[in-house]
Amino acid sequence: MTVIVRPRPDERLIGDGDGSVQVHMPDPLKIDGAKVFAVYGKGGIGKSTTSSNLSVAFAKLGKRVLQIGCDPKHDSTFTLTGRMIPTVIDVLDGVGFHSEELRAEDFVVEGRHGVMCVEAGGPPAGTGCGGYVVGQTVKLLKEHHLLEDTDIVIFDVLGDVVCGGFAAPLLHADRGVIVAANDFDSIFAMNRIVAAIKAKSQNYGVRLGGVIVNRSKDTDQIQKYNDATGMKMLAHLPDLDVIRRSRLKKATLFDMEQSPEVEGVCKEYLRLAAGLLAGVTPLEATPLKDREIFDLLGYD
């Protein structure tokens with residue numbers, strides 16, 4: 001299957017800054033009524049673990065939650081469902097992309113604590129565009145009226161933002177949230193994501209929410225970056241082995257055997273969810289030039 005993306009007659013080309021021209025999202029694909037968060041960060045930094053635990057925290061606060069995994073690896077919702085669920089692209093391919101033949105249960109699975117789970121999947125390697133996949137997923141959800149009874153939508157997005165396809169969830173989000181560790185590589189990726197969110201905010205409602213510091217004992221390097229750019233720390237999650245083990249057990253932290261460590265992290269997730277529900281003031285952070293990051297965080 002090769003996906004070729006061309007603007008439709010109801011789409012228009014708009015600029016997101018120097019050297020960039022993107023396809024504008026048609027109004028019918030806008031998500032209305034729910035708070036939408038797009039979670040980004042360096043590959044392997046724990047975005048899926050963070051997203052899934054945050055989804056449960058929202059659910060425990062009484063909210064109806066939908067988590068959308070946006071990665072060909074399609075394991076974002078693994079700890080919520082205990083298995084690898086079919087992807088939107090796979091089920092569409094199975095019916096020859098005749099979406100009218102699909103039922104909601106073909107691509108939506110109810111996970112732990114009532115969190116609804118969707119895995120968008122991705123086009124074959126080296127072909128197509130992740131932005132197309134995200135668009136088709138939102139289109140299906142709207143066609144089946146699955147967003148009408150949803151309070152919170154979390155997009156869990158793969159890796160760094162290297163192109164417009166990776167940035168597609170930002171077209172639907174209210175806040176872009178970044179997961180980063182207290183190290184140079186994570187902060188370098190975070191800086192690019194800050195730049196991407198700033199670019200998309202020119203034409204869409206998305207705004208920068210802040211950074212969740214993950215797998216880190218300290219936060220000194222993150223704080224240096226925050227002070228230099230105007231970023232803000234939303235939560236701090238330590239580097240605990242129980243978090244790694246929860247993934248191996250196909251469970252969220254809320255479903256693990258309770259201990260002081262687990263209870264402490266769960267409380268932090270609940271605090272984070274409550275803060276996001278209350279409303280996060282949009283940040284006007286200014287990304288650094290690459291050389292400036294090296295000068296800020298590098299060593300002589």
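Note: the structure precedes this text.
None of the values given here were measured: they were computed from a predicted structure.

Visitor: Sorry, what's going on with the overall build of the protein chain here?
Guide: The secondary structure content of the protein chain amounts to nine helices and ten strands. Long-range pairs, those at least 24 residues apart, make up 74% of the contacts in the protein chain with a sequence separation of at least 6. Within the structure as shown, the protein chain displays about 13700 Å² of accessible surface, and the carbon and sulfur contribution to it stands at 50%.

Visitor: Mind showing me how you'd approach the environment of Met256 here?
Guide: Mapped onto the elements, Met256 comes out in the loop between α7 (241–248) and α8 (260–278). Placed 14 residues apart in sequence, Met256 and Val242 show a C-alpha to C-alpha distance of 8.6 Å. For Met256, the residues in contact, after removing those within four places along its chain, are Val242, Arg245, Ser246, Lys249 and Ala251.

Visitor: What is the right way to look at the pattern of salt bridges in this model?
Guide: Two side chains with opposite charge may pair up if their charged atoms get near one another. As enumerated under the stated definition, the model contains eleven salt bridges in all. Measuring nitrogen to oxygen at the nearest pair gives 3.7 Å for the salt bridge that ties Asp71 to Lys73. With a shortest N-O distance of 3.0 Å, Asp106 and Arg103 are connected by a salt bridge. Here the salt bridges do not stand alone but share partners, grouping Asp71, Lys73, Asp75 and Arg247 into one network.

Visitor: Just checking my understanding: could you explain the packing of helix α5 (residues 184–200) against helix α6 (residues 220–229) for this structure?
Guide: The geometry of α5 relative to α6 is characterised by a closest axis approach of 11 Å and an angle of 30° between their N-to-C directions. Overall, the two elements α5 and α6 adopt an arrangement that is roughly parallel. Judged by the sense of rotation from one axis to the other, the crossing of α5 with α6 is right-handed. Residue-level inspection shows Ile187, Met190, Asn191 and Val194 of α5 in contact with α6, the latter providing Gln221, Ile222 and Tyr225.

Visitor: I would appreciate a short explanation of helix α4 (residues 130–143) in the present structure.
Guide: A turn of α-helix holds 3.6 residues, and therefore any two residues three or four places apart point the same way. Taking 1.5 Å as the rise per residue, α4 with 14 residues should run 20 Å; its terminal C-alpha atoms sit 20 Å apart, in good agreement. Within the sequence span of α4, burial applies to Val133, Val134, Gly135, Gln136, Thr137, Val138, Leu140 and Leu141. Summarising the contacts, the buried residues of α4 are in contact with β4 (65–70), α3 (88–94), β6 (116–119) and β7 (152–157). In the stretch just after α4, His145 is the one whose phi turns positive, near 60°.

Visitor: Could you clarify how one ought to interpret the sheet that holds β7 in this entry?
Guide: Backbone-to-backbone hydrogen bonds pair the strands of a sheet. The strands run either parallel or antiparallel. Taken together, eight strands build an open sheet; the order of strands is β5-β6-β4-β7-β3-β8-β9-β10 and the sheet is mixed. Of all the strands in the sheet, the pair left with one neighbour each is β5 (109–110) and β10 (233–236). In the sheet, strand β9 (residues 207–213) pairs with β10 via three bridges, with the strands oriented parallel. Looking at the pairing, Ile212 lines up with Ala235 of β10. Where helix α1 (residues 47–60) meets the sheet, its contacts fall on β3 (35–41), β4, β7, β8 (175–180) and β9, and the angle it forms with β7 comes to roughly 175°.

Visitor: Explain the side chain of Asn214 here, please?
Guide: With respect to the helices and strands, Asn214 occurs in the loop between β9 and α6. One polar contact links the side chain of Asn214 to the main-chain carbonyl oxygen of Ile45, over a distance of 2.8 Å. If we ignore the near neighbours within four places in the chain, the residues touching Asn214 are Ile45, Gly46, Thr50, Val179, Ala180, Ala181 and Leu237.

Visitor: Would you take a moment to explain the nonpolar core for this structure?
Guide: The nonpolar side chains of a soluble globular protein tend to be buried, and buried together. The biggest cluster of nonpolar side chains holds 48 residues, and the ones touching the most others in it are Phe155, Met190 and Met231. If you tally residues by element for this core, the top one is α5, at six residues. With residues near it in sequence (within four places) discarded, Phe155 still touches Ile31, Val36, Phe37, Ala38, Val39, Ile68, Cys70, Val134, Val138, Pro169 and His172. Formed by 38 residues, the second largest nonpolar core is a distinct cluster that contains Ala181, Leu240, Ile243 and Leu272.

Visitor: Mind showing me how you'd approach the packing of aromatic side chains here?
Guide: The description of an aromatic ring pair uses the distance of the two centres, along with the angle that the planes make with each other. If you walk through the whole model with that rule in mind, you get three aromatic pairs. When the centroid spacing of 5.9 Å and the interplanar angle of 15° are considered together, the rings of Phe37 and Phe58 count as stacked. Of this pair, Phe37 sits in strand β3 while Phe58 sits in helix α1, placing them 21 residues apart in sequence. Here Phe37 falls in the buried class, since its relative accessible area comes to 3%. Ring plane angle 35° and centroid distance 6.0 Å describe the contact between Phe184 and Phe188, whose orientation is recorded as tilted. Here Phe184 pairs with Phe188, and both are found in helix α5, just four residues apart, close to one helical turn. Assessed through its relative accessible area of 23%, Phe188 is described here as partly exposed.

Visitor: Any chance you could explain the packing of α1 against α8 here in plain terms?
Guide: Each pair of packed helices can be described by the angle between their axes along with the distance between the axes. Relative to each other, α1 and α8 sit at 70°, their axes nearing to 8 Å. Taken together, the axes of α1 and α8 lie roughly perpendicular to each other. Within the contact between the two elements, α1 uses Thr49, Thr50, Asn53, Leu54, Ala57, Phe58 and Lys60 and α8 uses Tyr269, Leu270, Leu272, Ala273, Leu276 and Leu277. Broken down by class, the residue content of the contact of α1 with α8 amounts to nine nonpolar, three polar and one charged.

The rules behind each value
Numbering of residues begins from 1 in every chain and follows the order in which that chain's sequence is written. The predicted nature of this model means local features are confined to residues of pLDDT at least 70 and side-chain atom pairs, given and counted, to a pLDDT of 80 or more, with totals for whole chains, interfaces and linings taken over all residues. Side-chain calculation: all heavy atoms of the structure are included, whereas hydrogens and water are not. Each helix is a run of H or I in the DSSP string that is no shorter than four residues. Each strand is a run of E no shorter than two, and both are numbered from the N terminus. The contact rule is simple, with two residues in contact once any of their heavy atoms fall within 4.5 Å. Accessible areas in this description were obtained via Shrake-Rupley with a 1.4 Å probe; residue shielding takes into account the shown protein chains only. Any carboxyl oxygen of Asp or Glu within 4 Å of a side-chain nitrogen of Lys or Arg constitutes a salt bridge here. Convention adopted: a line fitted to C-alpha atoms gives each axis, helices being fitted over their contacting stretch, and angles between N-to-C directions are expressed from 0 to 180 degrees. Between 65 and 115 degrees an angle is taken as roughly perpendicular, under 35 as roughly parallel, over 145 as roughly antiparallel, and anywhere else as oblique. Working rule for handedness: look at the near helix, and if it is turned counterclockwise from the far one by less than a right angle, call the crossing left-handed; if clockwise, right-handed. A helix is expected to span 1.5 Å multiplied by its residue count minus one. Classification of residues uses two cut-offs on accessible area relative to the type maximum, computed with a 1.4 Å probe and protein chains only: under 20% is buried, over 50% is exposed, and between them is partly exposed. A pair of strands is considered paired only if DSSP assigns at least 2 bridges between the two. Identification of polar contacts relies on pairs of N or O atoms within 3.5 Å, with a donor-acceptor requirement for protein atoms, meaning one able to donate a hydrogen and the other able to accept it, and with residues adjacent in sequence counted only if both atoms are side-chain atoms. We define a nonpolar core as any set of buried Ala, Val, Leu, Ile, Met, Phe, Trp, Tyr and Cys residues linked to one another through side-chain atoms lying within 4.5 Å. Classification of ring pairs uses Phe, Tyr and Trp, with its six-membered ring standing for Trp, and accepts pairs whose centres are within 6.5 Å; under 30 degrees between planes counts as stacked, over 60 as edge-to-face, and the remaining range as tilted. Each residue is assigned to one class: nonpolar for Ala, Val, Leu, Ile, Met, Phe, Trp, Tyr, Cys and Pro, charged for Asp, Glu, Lys and Arg, and polar for all the others, Gly among them.

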